[in-house]
Amino acid sequence: MTRLAVILIAVVAALFVASLVTGYAIAGPIESLRALLVDTGNPLSVVMREIRLPRAILAALVGTSLGLSGAALQGYLRNPLAEPGLIGVSGSAALGAVLAIQTGLAASFALALPFSALGGAVVAVGLILALAGPRGGAITLILAGIAISALAGALTSLVLNLSPNPFAAADIVFWLMGSLADRSFAHVWLALPFMGVGWLMLAATARGLEALTLGEDGAEAMGISLARLRLLLVTGTAASVGAATSVAGAIGFVGLVVPHLLRPFVGARPGALLWASGLGGAAMVLAADIAVRVVLPDRDLKLGVLMALVGAPLFLHLIYKTRKETA
Amino acid sequence: MRLTKITALIAAAILGGAVHAAPPSRVVSINLCTDQLALMVAAPGQLISVSRLSHDPASSPMSAAARSVPANGSGAEEVYLLRPDLVLASSFTAPATLRMLRNLGIPVEVFAPANSLSDIAARITQMGKALEQPDTALERVADFRAALDALHTPVAHRPRAALYYVNSYTTGDNTLAGDILKAAGFDNVATEAGIGHGATLPLERLVMLAPDVVIRGRDYPGQSRAEDAFSHPALAGLTVKNALDVRDWTCGTPHVLDAIRALRDLREELAQ
């Protein structure tokens, strides 16, 4: 267990440094890192400090939020198909963020952006849990998720198309696919407090999720309050996914792929899977964000595109497996 | 005497018509740029409709003149119902619309967008030919060339400038905007970055190029994330100027002269 933690932390650290030295400006890695630590007075220091550093930090934060929420949702619903992107939580958070920006609320009050995204996410998680029930039947979950994602995506497009700003329509791709291009420290400070609170809440669900593997009655017999567990899960997921989406757009599949890959290493214990998926999510988004800059450097490839290319085949595989199990 | 004159006129009209059809009298333009060219060249009453965008003062430098002509929404159905005998469109107009109009038997004249200042004269001439107003077109071309020559002054020091649009887009020397920048006495850093036409210039490359001035697009009402890069703290060390009146830059028309003048003023302001 501790070995897994050490390995994951090492991977995240290595990818973090790799992300810092990957970019469009041509400069050697050593030179870049020196410009980051010491203000050399040339433009490279500005690039490293104001563009690359917040980008790498955000990749790690967003990845942690998505991995952690995916693992928590899967643990609570006892269903490997639950994922904030797929069940419409990210999409609804994006709608909340877009509404805050387009109504001008975010311009007059910066915190309105993460708050509004959080509100969108709360509505989606609440709807999903109400529809799928505590047992989280696979079909109900996926169907409810499809409906919520589709509605949130359509409303996001509608709001942006109605904007008086001719460039707002170009933002649709960002909100539906996610990107970390040209984010600044302002975005880090905006999202970090919400993510932090969300992570703490999700971490607090660990014992409840472990107990829940014995079924609801078993968990209640162990003194777990299911109502409290659900509240922690809804608010924790909404806070972390809402904050992540409000600065990076909706990035799907992270919460699906990461817990799936790491589950065997933690003995399928949902509590332990939480922190492992948080670290794994950070590694995955850092890697994906490096890839979008290496594969198509001058095209501003969106993160969600890359994640879908990796995640969708796995998702289909999981559906196939679930179908065999229930058949 | 009067009768013979009328007869002669009728005869001339008939004979002339046999050799050469009368100029188009119900011309519909469905593109912001062809709207402007047509408004400059057409005889009174010849142009019966312009695109809706032309009525918007935020998009068209000729909105006042355009408002005297009814607007259309540029769709094939709507345009057909206006019974035009000539439709003016851009090569960027949706191909389905052009095909539909041609299938309905309406002549369509397509104008390629101008990629340089010299293209502008060619487009005015093309418009004169399409509307059969060659003399007016000739006059407009002469006026434009004279005004352009008058703006041409040798520049001792050419500042390095970057054109920066939303979504980190920039344009190089082989574009109309690049040509305008050159004519105003700037060197374009896009050339240093190997960009000749239009391409994404990531923010960090812009910072590394360290241009003397970043010329950005103007603010539109409402919000969009696409414009976020303009307020990125990494640009704090650079001079960012909001000197682009998009209306004067969008189309290859003599209005680009105003854009060149605005940039020339900016260059002089920077030199102080």
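Here the structure is a predicted model, which means the values were calculated and not measured. (Residues numbered from 1 in each chain as written. Chains lettered and ligands numbered in written order. Predicted model: local features only at pLDDT ≥ 70, side-chain atom pairs only at ≥ 80, totals over all residues. Heavy atoms only, no water.)

(A) Representation of the overall build of chain A within the structure. Helix and strand counts for chain A come out as 15 helices and zero strands. Here chain A has a C-alpha radius of gyration of 19 Å; the compact-globule value for 327 residues is 20 Å, and the two agree. Projected onto the principal axes, the alpha-carbon positions of chain A cover approximately 65 × 50 × 35 Å. Every one of the 327 residues in chain A was classed for burial, and the buried ones make up 56%. A separation of at least 24 residues holds for 78% of the contacts in chain A among residues at least 6 apart in sequence. Per element, the accessible surface of chain A, about 13200 Å² overall, is 72% carbon and sulfur. Positive and negative charge centroids in chain A, built from 19 and 14 side chains respectively, lie 6 Å apart. (Helix = DSSP H or I, 4+ residues; strand = E, 2+ residues; numbered from the N terminus. Rg over C-alpha atoms; globule rule 2.2 N^0.38 Å. Buried < 20%, exposed > 50% of the residue type's maximum accessible area, 1.4 Å probe, protein only. Contact = heavy atoms within 4.5 Å. Areas by Shrake-Rupley, 256 points an atom, 1.4 Å probe, with all protein chains shown as cover. Lys, Arg positive; Asp, Glu negative; His and termini not counted. Charge placed at Lys NZ, Arg CZ, Asp CG, Glu CD.)

(B) The environment of Ala43 of chain B, seen in detail. Residue and element names in this part refer to chain B. As for its position among the elements, Ala43 is in the loop between helix H2 (32-41) and strand E2 (47-51). Classification of Ala43 by relative accessible area gives partly exposed; the value is 27%. Between the C-alpha atoms of Ala43 and Thr136, which are 93 residues apart in sequence, the distance is 8.7 Å.

(C) Spotlight on a nonpolar patch on the surface. Residues Val173, Leu176, Met177, Val305, Leu309 and Val310 of chain A make up a contiguous nonpolar surface patch of roughly 480 Å² in combined accessible area. Every element with two or more residues in the nonpolar patch is listed here: helix H8 (171-177) and helix H15 (303-326) of chain A. (Patch = residues over 30% accessible without salt bridge, like charges linked within 9 Å, V, L, I, M, F, W, Y side chains within 5 Å. Salt bridge = Lys/Arg side-chain N within 4 Å of Asp/Glu carboxyl O.)

(D) Spatial organisation of the pattern of salt bridges. Considering all chains together, one arrives at 13 salt bridges over all chains under this definition. Close ionic contact of Glu216 of chain A with Arg78 of chain A constitutes a salt bridge, the shortest N to O distance being 2.6 Å. Here Glu216 of chain A, found in helix H11 (residues 216-221), pairs with Arg78 of chain A, found in the loop between helix H3 (43-77) and helix H4 (89-102); they are 138 residues apart in sequence, far enough to count as distant. Residue Glu216 of chain A is classed as buried on the basis of its relative accessible area of 13%. For Asp187 of chain B, the salt bridge identified is with Arg158 of chain B, shortest N-O distance 3.0 Å. Residue Asp187 of chain B is found in strand E8 (residues 187-188), and its partner Arg158 of chain B is found in the loop between helix H7 (134-151) and strand E6 (160-164); the two are separated by 29 residues along the sequence. Under the relative-accessibility criterion, Arg158 of chain B is labelled partly exposed at 29%. A single salt-bridge network, built from bridges that share partners, covers Arg55, Asp289 and Arg293 of chain A.

(E) Local environment of the sheet that holds E8 of chain B. Residue and element names in this part refer to chain B. Strand order in the open sheet formed by four strands is E8-E6-E10-E11, with parallel pairing between adjacent strands. At either end of the open sheet lies a strand with only one pairing partner, and these are E8 and strand E11 (240-241). Pairing of E6 with strand E10 (residues 213-216) involves four bridges; the strand directions are parallel. The residue bridging Ala161 from the neighbouring strand is Val213, located in E10. Its contacts with the sheet place helix H8 (residues 176-183) against E6, E8 and E10, and it is angled at close to 150° to E6. Strands E10 and E11 of the sheet are contacted by helix H12 (residues 256-271), whose axis makes an angle of about 150° with E10. (Pairing = 2+ DSSP bridges. Axes fitted to C-alpha atoms, helices over the stretch in contact; angles between N-to-C directions.)

(F) Main features of the interface of chain B and chain A. Each partner contributes to the interface: chain B provides 24 residues, whereas chain A provides 28 residues. Counting the surface chain B buries against chain A, the share from its top three residues, Glu204, Gln223 and Arg225 of chain B, is 33%. Our enumeration of links across chain B and chain A arrives at one salt bridge. Two residues, Glu204 of chain B and Arg52 of chain A, come together in a salt bridge whose shortest N-O distance is 2.8 Å. Put simply, chain B and chain A have three residue pairs in polar contact (both at pLDDT 80 or more) between them. It is helix H10 (residues 203-209) of chain B that contributes the most residues to the side of chain B that touches chain A, five residues altogether. Per-class residue counts for the side of chain B that touches chain A are 12 nonpolar, seven polar and five charged. (Buried area = accessible area lost by both parts, 1.4 Å probe. Polar contact = N/O pair within 3.5 Å; in protein donor to acceptor, adjacent residues only side chain to side chain. Nonpolar A, V, L, I, M, F, W, Y, C, P; charged D, E, K, R; others polar.)

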